[in-house]
Amino acid sequence: MSWTVHVPILTIAVPLLGAFALPLMAKVHRRLRDLWLVGVGAFTVAMIVTLAVQVFTGGVQVYTLGAEAADATLGPEGFPIRIMLVVDAMSAFMALIAALLGGAALVYALGFVEEGKGKTLSMSLFLLLWAGMLGLKLTGDMFNFFVFFEITTVAACGLIGFRAWESRSPEAAFKTLVMYILGGLLVLLAVGVLYGQYGALNMAFLSSQIQGGALDRIALGLLLGGLLMKAGAVPMHMWAPDAYGEADANTAIVLVANTQAALYGLFRMVFTMYGGASTPAVGWLVTALGALTILVAVLMAVIQTDLGRLIAYGAVSQIGFMLLAAGVGLATLATRPEFGRVALQGGVFHMFNDAACIGLLLLCAGAVRRAAGTGDLRSLGGLAHTEVWTSGFFLLGALALAGIPPLNGFASKLMIYQSSFRLSPILTALAVLASILLLAVFVRAFQGAFLGPRRNLEGGQPISPAMLAGMAVLAVVVIAFGLVPDLVVRHMVAPAADALWTGRDVYLAAVLGG
Amino acid sequence: MIGNLPFVVSMVLVVLGLWTLMTRRNLIKLAVGIVLIENGVNLFLVSLGYVRGGIAPIYTFAPADAPMVMPTPQALTLTSIVIGMATTALLLTFAVVIHRHRGTLDAGKIRELRG
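Residues numbered from 1 in each chain as written. Chains lettered and ligands numbered in written order. Predicted model: local features only at pLDDT ≥ 70, side-chain atom pairs only at ≥ 80, totals over all residues. Heavy atoms only, no water.

## Things to note about the overall build of chain A
Along chain A, the regular secondary structure elements total 19 helices and two strands. Since a compact globule built from 514 residues should have a radius of gyration of about 24 Å, the 22 Å found for chain A is in line with a globular shape. Its C-alpha atoms put chain A at 70 × 60 × 40 Å along the principal axes. For chain A, buried positions account for 64% of its 514 residues. Taking the contacts inside chain A whose residues are at least 6 apart along the sequence as the reference set, 81% of them involve residues at least 24 apart. (Helix = DSSP H or I, 4+ residues; strand = E, 2+ residues; numbered from the N terminus. Rg over C-alpha atoms; globule rule 2.2 N^0.38 Å. Buried < 20%, exposed > 50% of the residue type's maximum accessible area, 1.4 Å probe, protein only. Contact = heavy atoms within 4.5 Å.)

Okay, structure coming up:
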């Protein structure tokens, strides 16, 4: 048996171990801590890429913990009782997003987070959050889903609010924590309802049993509520701008990955677990929430004066695009599958694109705050004179976010426009309008922060090369995915979307046999 | 009917907690609301696992035909209690830090972050 079967568990275990060992390393020497951090990060990214290659070429990979063989999913009575990780193309795709944002955040943080301001502990929490997120994406049973959900809750809120010497970040953290805990408890309640009915926690087994009865629908409602709270969809979005605006830039981009992990959970529930009992009504509900999220978030972005909060509302609006695409897919799952599939592909592709361009923008906002000492658009100005690279990256991210060709945001948004048009032209009009508004907002922000005469701002510090390197990683993805969207769609996005769309039987067969 | 009482009580706890979250503005009371919901959910999980006349699933000492209790819900509840302790501790920590900065726990008065 080759070591490659153990890749799924190593993907989670290594950052988890890395997180708890990091403070010990720091006790020995600061250099050793950084070395350990980079080593753990590089190993995790390598594991994720290996896992993705295996899954994209070899199909669903199952790893059963505590069994004599990794694929011995069923107990002696032919019942899946053990804890297991089930990695299909969608999980692998999401893990790649986590690798991209986690890797960029790690590189950026090396130059951004200051010594003596909680660097060791914030880096530990970062690794913990990373591990929790990866676990959420790879797990195959409901209870571990909840456990990883809560790991990300504690780590994320710790990261938002660890700067106890400031007054604003604990406030943002408190708000976020209340929403996250509430979301987690709703998920746990749903887990209880499902367990009480079917006596199992395995997602594949539950999926084979769910018929769509009253209790099933209550559980689905609870799951949707809990996961949407964590994904930051309107009307449960209040925490997101505060958290993104107040957290360090490297934390904020991992929080974006975290909201996408919650969205992944939602997709997994509605497509895989409830795939046998899905109704268009759920699709319409998700579509409506998506449209609402886009609209409210973009309108809120217009009136922001703080660069971080402005980008945060941009991030929330992109969650709306993904929900819209998934909703269109769900609503047309049974009746008109040919464009529902395009919609879902667009939504899945947009997750990666959003991760890259929102991540880039948030890192730029962090760099602006570092260089100018403030993120207030009313006092910023003229940064392009000194920070050429940062302004270039910001412009790139803003254009990609607004969906300007040939950048990556255009490729996925076009797919969403095309397919949602077939469901209802109003949705498309809304989405296009939102994109135009978003462009206007970001052009204004760019003009306000970077153009204009040079200003002397107090408290500015130079931007370190590590920060630029972190931004460059994401910028490369933004350009590369925009230039060859066909290749990306064919080799990564289509398998991932199909894993949700038609892959339910494969997923079930991988776990339950037959 | 009496057998459903634990479920009713657990849902009452959840609703009370939600009501607390929606109507109270004191940060400590918000934390209490969260804990109420948490305990409601935990009670729900424990009552799911109850089997009348069931015995602990230890094969060595069990009579041959006794109904055994599936230990999963208890394990879930224990995990959930531990997680709940961690999140509550974090919540209260933030409340203490906010109180140090602002001298108040009223959520209406400490809103620096709006819009």
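Now that the structure has been shown, we can carry on.
## Digging into the overall build of chain B
From N to C terminus, chain B includes three helices and zero strands. When the helices and strands of chain B are read in sequence order from the N terminus, they spell out α-α-α. For 115 residues, the compact-globule estimate of 2.2 N^0.38 gives 13 Å, and the C-alpha radius of gyration of chain B, at 20 Å, exceeds that figure by more than 25%. Taking the principal axes of the C-alpha coordinates as reference, chain B spans close to 65 × 30 × 20 Å. Per-residue burial for chain B yields a buried fraction of 34% across its 115 residues. Within the structure as shown, chain B displays about 6800 Å² of accessible surface, and the carbon and sulfur contribution to it stands at 68%. Of the charged side chains in chain B, 9 are positive and 4 negative, and the gap between their average positions amounts to 14 Å. (Areas by Shrake-Rupley, 256 points an atom, 1.4 Å probe, with all protein chains shown as cover. Lys, Arg positive; Asp, Glu negative; His and termini not counted. Charge placed at Lys NZ, Arg CZ, Asp CG, Glu CD.)

## What about the side chain of A:Thr287?
All names here are of chain A. Among the secondary structure elements, Thr287 is positioned in helix 11 (residues 280–302). We classify Thr287 as buried; its relative accessible area is 1%. Engagement of the side chain of Thr287 in a polar contact is seen with the backbone nitrogen of Val328, the distance being 3.5 Å. Filtering out sequence-adjacent residues up to four positions away, Thr287 remains in contact with Leu324, Gly327, Val328 and Leu427. (Polar contact = N/O pair within 3.5 Å; in protein donor to acceptor, adjacent residues only side chain to side chain.)

## Some thoughts on the interface of chain B and chain A
Taken together, the contact between chain B and chain A spans 35 residues of the former and 38 residues of the latter. For the pairing of chain B and chain A, the buried interface totals around 3200 Å² over both sides, and the portion due to carbon and sulfur atoms is 81%. At the boundary of chain B and chain A, one finds zero salt bridges. Of all the secondary-structure elements, those providing two or more residues to the side of chain B that touches chain A are helix 1 (5–23), helix 2 (27–48) and helix 3 (72–102) of chain B. In terms of residue count, the dominant contributor to the side of chain B that touches chain A is helix 3 of chain B (15 residues). (Buried area = accessible area lost by both parts, 1.4 Å probe. Salt bridge = Lys/Arg side-chain N within 4 Å of Asp/Glu carboxyl O.)

## Things to note about the packing of aromatic side chains
Residues and elements named next belong to chain A. Taken as a whole and assessed by the stated rule, the structure comprises 17 aromatic pairs over all chains. Arranged with centres 6.3 Å apart and planes meeting at 80°, the rings of Trp239 and Tyr244 form a pair that is edge-to-face. Every member of this aromatic cluster is reached through a ring pair, and the members are Phe93, Phe349, Phe352 and Phe481. We note Arg163 situated over the ring of Phe162; from NZ or CZ to the ring centre the distance is 6.0 Å. The ring of Phe149 has Lys230 sitting right over it, with the charged end atom 4.1 Å from the ring centre. (Phe/Tyr/Trp six-rings, centres within 6.5 Å; stacked < 30°, edge-to-face > 60°. Lys NZ or Arg CZ within 6 Å of the ring centre and 35° of its normal.)

## Some points on the confidence of the model for chain B
On average, residues of chain B carry a pLDDT of 87, and 95% of them reach 70 or more. Predicted complex, confidence summary: ipTM 0.93, pTM 0.94. (pLDDT = per-residue confidence, 0-100.)

## Observations concerning the nonpolar core
Residue and element names in this part refer to chain A. Met90, Met273, Phe394 and Phe442 are the most contacted members of the largest nonpolar core, which totals 227 residues. Counting residues per element, this core draws most heavily on helix 13 (residues 337–372), which supplies 20 residues. Beyond its immediate chain neighbours, meaning those up to four positions away, Met90 contacts Tyr264, Phe267, Arg268, Val348, Met351, Ala496, Ala499 and Leu500. (Core = buried A, V, L, I, M, F, W, Y, C linked by side-chain atoms within 4.5 Å.)

## Side note on the packing of helix 2 (residues 30–58) of chain A against helix 4 (residues 119–138) of chain A
Residue and element names in this part refer to chain A. Packing of helix 2 against helix 4 brings their axes to within 11 Å, and their N-to-C directions diverge by 10°. Classed by the angle they form, the pair helix 2 and helix 4 counts as roughly parallel. Like other packed secondary-structure pairs, helix 2 and helix 4 cross with a definite hand, here left-handed. Contacts from Arg33, Leu37, Val40, Gly41, Thr44, Val45, Ile48 and Leu51 in helix 2 reach Lys119, Thr120, Met123, Leu127, Trp130, Leu134 and Leu138 in helix 4. Classifying every residue of the contact of helix 2 with helix 4 gives ten nonpolar, three polar and two charged. (Axes fitted to C-alpha atoms, helices over the stretch in contact; angles between N-to-C directions. Parallel < 35°, antiparallel > 145°, perpendicular 65-115°, else oblique. Left-handed = near helix turned anticlockwise from the far one by under 90°. Nonpolar A, V, L, I, M, F, W, Y, C, P; charged D, E, K, R; others polar.)

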